[in-house]
Amino acid sequence: MVKEESPETDFSPALMFLRDEETRGPLMVFGLVLVLVTAKIFYSMAIKDSYLHDEVRFEDEWELSFSEETTTLTETVLVADGGEEDIEFSIDLSSFSENYRIGQVQVKVSYSETNQAIGNDPCDSVQASLTQDSYLAQWTDSNNTLSGGSTSCDDIDLSLRTYPGYDGQNYKLMAHNEVLATEQWKEDGYGLGQLNVKVQLDVQQSQVPTQNDDDDETIQIDVVVIAFKVNAEKI
């Protein structure tokens, strides 16, 4: 006769291991630690993934606008026939409100024929230019007009962009906050210092042979300094 084994004696090694009080405690601790470590890893991955999405999701749209203030510097110089004069203009922020920066300078050179000749005495020829030196500006900007001339007593208009990219136009962009949205427009130093304007004169002779010719001309230089302050509004 075959003897049947008791159910109590039919068990696997794993059950035997769990029934052992000396091994059951450490095994439960190990299992708990494993569960906690796994949960932490998945949680960290989920947080990182959420953060990366939030970086994009929580950017706001901002509209930037610019407030402007201007000041004008004026010099008058007497230039001899065939001569040239270099006129320096000292530009700083003392005439502007707080938090303004120099965005552009516009120069107007003007003169008129002073010789009181009988008949039509021709206008003198005047050339003007902005001299590139240590003055901190965008000298290679395609919107600049750095030189010009006139033989008809018309004004000569020159311009120089000082702050990179500044044109005074409103625009929109995406940014996390106002600081990041406006940081491009808060750099110091541009447009400050000595701006040099050079003028040259070539006197045109009178058409009346008996009339005395002038040998100099009075030229006026007006430098308009345009300063700006950036404003940001969340849309």
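Our structure is the block above this text.
Here the residue numbering is sequential within each chain, running from 1 through the sequence in written order. Owing to the predicted nature of the model, reporting of local features is limited to residues with pLDDT of at least 70; listing and counting of side-chain atom pairs is limited to 80 or more, with chain, interface and lining totals taken over all residues. Hydrogens and water are ignored here; the side-chain numbers use all heavy atoms of the structure.

### Observations regarding unusual backbone geometry
What counts here: Numbering of helices and strands runs from the N terminus; a helix is a DSSP stretch of H or I covering at least four residues, while a strand is a stretch of E covering at least two.
Although it is not a glycine, Asn99 sits at a positive phi angle of roughly 70°. For Asn99, the position within the fold is in the loop between strand 2 (84–91) and strand 3 (101–110).

### Side note on the state of the cysteines
Covalent bonding between the sulfur atoms of two cysteines defines a disulfide. To keep it simple, the criterion reads: We call a pair of cysteine sulfur atoms a disulfide when they lie within 2.5 Å. Only protein chains enter the accessibility calculation, which uses a 1.4 Å probe; a residue is then buried when its area is under 20% of its type maximum, exposed when over 50%, and partly exposed in between.
In total, this model carries one disulfide according to the counting rule given. The partner cysteine of Cys123 in its disulfide is Cys153, sulfur to sulfur 2.0 Å. In this structure the cystine formed by Cys123 and Cys153 twists about its S-S bond by roughly -115°; its chirality is therefore left-handed. You can see Cys123 sitting in the loop between strand 3 and strand 4 (125–131) and its partner Cys153 sitting in the loop between strand 5 (147–150) and strand 6 (156–161), a full 30 residues away along the chain. On the basis of relative accessible area, Cys153 is assigned to the buried category, the value being 18%.

### Considerations on the sheet that holds strand 7 (residues 171–175)
What counts is decided by this rule: At least two DSSP bridges between two strands are required for those strands to pair. In this analysis an axis means a line fitted to C-alpha atoms, helices contributing only their contacting stretch, and an angle means the value between N-to-C directions, from 0 to 180 degrees.
The five strands lie next to each other as 6-3-9-1-7, forming an open sheet whose pairing is antiparallel. Of all the strands in the sheet, the pair left with one neighbour each is strand 6 and strand 7. The average angle at which neighbouring strand axes cross in this sheet is 25°, direction not considered. Of the pairings in the sheet, the one linking strand 1 (residues 60–80) to strand 7 comprises five bridges and is antiparallel in character. When the bridges of strand 7 are listed, Leu64 appears paired with Tyr171.

### A few points about the sheet that holds strand 5
Across the sheet, four strands lie side by side as 2-8-4-5; this open sheet has antiparallel pairing. Of all strands in the sheet, those with a lone pairing partner are strand 2 and strand 5, marking the two edges. Averaged over all pairs of adjacent strands, the angle between their axes in this sheet comes to 20°, without regard to strand direction.

### Quick word on the pairing of strand 9 (residues 216–234)
In terms of strand pairing, strand 1 meets strand 9 through 19 bridges, oriented antiparallel. Along strand 9, the bridge assignment pairs Thr72 with Val224. Sheet analysis places strand 3 next to strand 9, joined by nine bridges and oriented antiparallel. Directly across from Arg101, in strand 9, lies its bridge partner Phe228.

### Considerations on the nonpolar core
Inclusion rule: The term nonpolar core refers to a set of buried residues drawn from Ala, Val, Leu, Ile, Met, Phe, Trp, Tyr and Cys, joined through side-chain atoms within 4.5 Å. Residue contacts are defined here by distance: any two heavy atoms, one from each residue, within 4.5 Å place the two residues in contact.
Within the largest apolar cluster, 33 residues are counted, with the highest numbers of intra-cluster contacts made by Val107, Val109, Leu195, Val199, Ile219 and Ile221. Counting only elements with at least two residues in this core, the list comes to strand 1, strand 2, strand 3, strand 4, strand 6, strand 8 (193–202) and strand 9. In terms of residue count, strand 9 provides more of this core than any other element does, five residues in total. If sequence neighbours within four positions are ignored, Ile219 has contacts with Glu75, Thr76, Val77, Val79, Val109, Ser110, Tyr111, Val126 and Val199.

### Thoughts on a negative patch on the surface
So the rule is basically this: Candidate patch residues must exceed 30% relative accessible area and have no salt bridge, after which like charges are joined if within 9 Å and Val, Leu, Ile, Met, Phe, Trp or Tyr side chains if within 5 Å. Accessible areas in this description were obtained via Shrake-Rupley with a 1.4 Å probe; residue shielding takes into account the shown protein chains only. When a carboxyl oxygen of Asp or Glu lies within 4 Å of a side-chain nitrogen of Lys or Arg, that pair is called a salt bridge. Working convention for charge: Lys and Arg count positive, Asp and Glu count negative, and His plus the chain ends are omitted. Where a charge lies is defined by one atom per residue type: Lys uses NZ, Arg uses CZ, Asp uses CG and Glu uses CD.
A grouping of Glu85, Asp86, Glu88 and Asp133 is seen on the molecular surface, where their side chains present a negatively charged patch. Positionally, Asp133 belongs in the loop between strand 4 and strand 5. Assessed through its relative accessible area of 37%, Asp133 is described here as partly exposed.

### Quick notes on the pattern of salt bridges
Counted by the stated rule, this structure contains three salt bridges. A salt bridge links Arg101 to Asp188, with the shortest nitrogen-to-oxygen separation between them at 3.0 Å. Of the two residues, Arg101 sits in strand 3 while Asp188 sits in the loop between helix 3 (178–182) and strand 8, which places them 87 residues apart along the sequence.

### Points about the packing of aromatic side chains
Put simply, the rule is: Each Phe, Tyr or Trp ring, with Trp reduced to its six-membered ring, pairs with another whose centre is within 6.5 Å; inter-plane angles below 30 degrees give stacked pairs, above 60 give edge-to-face pairs, and intermediate values give tilted ones.
This model, assessed by the stated rule, comprises ten aromatic pairs. Seen in terms of ring centroids, Tyr163 and Phe228 are 5.1 Å apart; in terms of plane orientation they differ by 90°. Their pairing is edge-to-face. With Tyr163 in the loop between strand 6 and strand 7 and Phe228 in strand 9, this residue pair connects regions lying 65 residues apart in the sequence. You'll find Tyr163 and Phe228 in the same group, each marked buried. Through successive ring pairs, a cluster of aromatic residues spans Phe66, Tyr163, Tyr166, Tyr171, Trp185, Tyr190 and Phe228.

Such coordinate-based values are descriptive only and should not be taken to indicate function.
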